[in-house]
Amino acid sequence: MKVEMQTKKRILSGVQPTGDLHIGNWLGAINNWVTLQEQYETFLCVVDLHAITTAYDPKELSKNTLSTAALYVACGIDPKECSIFVQSQISAHSELCWILNCMTPINWMERMIQFKEKSIQQGNNVSIGLFDYPILMAADILLYDADFVPVGEDQKQHLELARDIAQQRINAKFSKNKNILKIPQPIIMKNGSKIMSLIDGSKKMSKSDPNEGSSINLLDTPEIITKKIKRAKSDSYIGIEFNNPERAESRNLLMIYSILSGKEISQCENEFSETGWGTFKKLITEQVIESLSPIQEKYKVLINDPHQLNNILIEGKERADDLAKKTLKRVKSKLGFFEMGK
Ligand code: TYM
């Protein structure tokens, strides 16, 4: 076991516990973790500190944190092999974040597309935390010496920022060998890394979209899934296509169908080349319900066993804490902080 741990490369990723997770989070991120977990030493956090960067309900935060951890396992993450933990339980995240804050030029942050988009939604209520969000994310990743970070397309810019901070602002400035922090690489899958809204194929499916019909959530009932897909935007063409630039909704639903059914996109295109929207919507509805049903069943069992979930999070925290402390100590020592007993 020890030898195996040392030879495996490491991945780290996370999801915010902000309300219901949707099929974009699943197909863009969690599903990939499930595939990668055998090959890599896997650390997965529930990023609750990120969840308070926009308005939130304190009564829901802890519940959503537990529910997100339960969904990781329900989707197929093996807690015996992977470390699942809650970000706020490990104070090194906030501490490294502060150090990185002091090393990062403000104009790097002003380029962040997600900040610009989210701050428009927030109106006059934009917190410093929302601006700082990508640096906390960099701390999450760099603390664990992650080799790879499996995420959806929208996180690419944040990953580049984490790499730049580590390379240019820490390694290059504070170490001759330039080896204080490991430089992580993103893993962004070709299929599923950008699932679009059901009601507007040009917009990303997003938890913060106020229109509930825009996303399919992992815990939606068959009735709700049926209703949402029935109301999903369609067009006046016959046949479901993938490569027609004028048909974003057709492309998106075909992508979802292809991943869930395990059929190649070209095979789906052939199968549905003359199918009307009504028939296709029935088929994709059946597929989504069938694919989510085992996740929902497993979730029900887990969420009703808080003791088991708690144990999973305790074990995950212990493994994560160990690593995080070591990295933080290394960084503080190289950056010249006072050390006790020296
Ligand atoms: P969050 O919760 O917004 O998203 C979690 C993951 O889901 C992916 N995702 C999507 N993938 C495909 N299509 C979509 N429509 C879609 N919407 C979301 C995201 O890319 C992400 O992989 N900032 C991160 C959370 C985070 C993190 C980290 C990730 C904090 N620290 C460290 C990796 C490593 C985020 O986007 O959360």
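Everything numeric in this text was worked out from a predicted model, so none of it was measured.

S.K.: Whenever I open this one, the overall build of the protein confuses me. Can you help?
M.R.: Along the backbone of the protein there are 14 helices and 5 strands. On C-alpha atoms alone, the protein measures out to a radius of gyration of 21 Å, which is about the 20 Å that the 2.2 N^0.38 rule sets for 342 residues. In terms of overall dimensions, the protein has a C-alpha envelope of 75 × 45 × 40 Å along the principal axes. Burial statistics for the protein: of 342 residues in total, 49% are counted as buried. Sequence-distant contacts, at least 24 apart, represent 75% of the contacts inside the protein between residues at least 6 apart. Roughly 17,300 Å² of accessible area belongs to the protein as shown, and the carbon and sulfur atoms make up 51% of that amount.

S.K.: Looking at this structure, I do not really get unusual backbone geometry. What am I missing?
M.R.: For residues other than glycine, phi is negative in most cases, and the peptide bonds are mostly trans. Positive phi is not limited to glycine here, since D145 has a value of about 50 degrees. Turning to its location among the elements, D145 is positioned in the loop between α8 (128-142) and β4 (148-150). Look at D145 and you get buried, because its relative accessible area is 15%.

S.K.: What should I look at first to understand the site of the ligand in this one?
M.R.: As a structural note, the neighbourhood of the ligand is formed by 28 residues, with Y133, D140, D154, Q155 and K207 the closest of them. Interatomic distance of 2.9 Å between a backbone N/O atom of G152 and an oxygen atom of the ligand. Between an oxygen atom of the ligand and a side-chain N or O atom of K207, the distance comes to 2.7 Å. Relative to its free-state accessible area of 700 Å², the ligand is covered by the protein chains to the extent of 97%. Among the secondary structure elements, those contributing two or more residues to the shell around the ligand are β1 (10-15), α2 (23-36) and α8. Split by residue class, the shell around the ligand holds 11 nonpolar, 12 polar and 5 charged.

S.K.: Sorry, what's going on with the state of the cysteines here?
M.R.: Covalent bonding between the sulfur atoms of two cysteines defines a disulfide. Under the defined criterion, the tally for this structure stands at 0 disulfides. The thiol of C75 is not disulfide-bonded; the next cysteine sulfur, from C82, is found 13 Å away. Here C75 falls in the buried class, since its relative accessible area comes to 11%. Taking the relative accessible area as the measure of exposure, C82 reaches 0% and is therefore buried.

S.K.: It is not clear to me how helix α4 (residues 58-74) should be interpreted in this structure. Could you clarify?
M.R.: Helical periodicity: at 3.6 residues per turn, an α-helix aligns residues three or four positions apart in one direction. The first and last C-alpha atoms of α4 sit 25 Å apart over 17 residues, in line with the 24 Å expected at 1.5 Å per residue. Turning to α4, its buried residues are L61, N64, T65, S67, T68, A69, A70, L71, Y72, V73 and A74.

S.K.: Would you mind showing me how to read empty space enclosed by the protein here?
M.R.: In this approach the atoms are scanned with a rolling probe the size of a water molecule, which exposes any empty space left behind. Tallied over the entire structure, the rule returns 1 cavity of 30 Å³ or more. Put simply, the largest cavity is a space of about 40 Å³. Lining the largest cavity, in full, are M112, Q114, F115, K118, L130, Y133, P134 and H158. Residue assignment for the lining of the largest cavity shows that the elements contributing at least two residues are α7 (113-122) and α8. Along the lines of polarity and charge, the residues of the lining of the largest cavity split into 5 nonpolar, 2 polar and 1 charged.

S.K.: How should I be thinking about the domain arrangement of the protein in this particular structure?
M.R.: When cut into domains, the protein gives domain 1 (10-188 + 305-334) and domain 2 (212-301). On a C-alpha basis, the centroid separation for the pair domain 1 and domain 2 is 30 Å. With 14 residues of domain 1 at the interface, the matching set in domain 2 holds 14 residues. Carbon and sulfur atoms make up 76% of the area that domain 1 and domain 2 hide from each other, which totals about 1,300 Å². Considering only the side of domain 1, the residues that lose the most area to domain 2 are I23, W26 and A74, jointly responsible for 39% of the buried surface there. For the pair domain 1 and domain 2, the number of links is 0 salt bridges. At the boundary of domain 1 and domain 2, one finds 5 residue pairs in polar contact (both at pLDDT 80 or more).

Parameters at a glance
- Residues numbered from 1 in each chain as written.
- Predicted model: local features only at pLDDT ≥ 70, side-chain atom pairs only at ≥ 80, totals over all residues.
- Heavy atoms only, no water.
- Helix = DSSP H or I, 4+ residues; strand = E, 2+ residues; numbered from the N terminus.
- Rg over C-alpha atoms; globule rule 2.2 N^0.38 Å.
- Buried < 20%, exposed > 50% of the residue type's maximum accessible area, 1.4 Å probe, protein only.
- Contact = heavy atoms within 4.5 Å.
- Areas by Shrake-Rupley, 256 points an atom, 1.4 Å probe, with all protein chains shown as cover.
- Near = heavy atom within 4 Å.
- Polar contact = N/O pair within 3.5 Å; in protein donor to acceptor, adjacent residues only side chain to side chain.
- Nonpolar A, V, L, I, M, F, W, Y, C, P; charged D, E, K, R; others polar.
- Disulfide = S-S within 2.5 Å.
- Expected span 1.5 Å × (residues − 1).
- 1 Å grid on protein atoms, 1.4 Å probe; cavity = no way out; pocket = protein on both sides within 12 Å on 5 of 7 lines; lining within 4 Å.
- Points joined across faces, edges and corners; volume = space filled by probe spheres on them.
- Domains from an automatic or database assignment.
- Buried area = accessible area lost by both parts, 1.4 Å probe.
- Salt bridge = Lys/Arg side-chain N within 4 Å of Asp/Glu carboxyl O.

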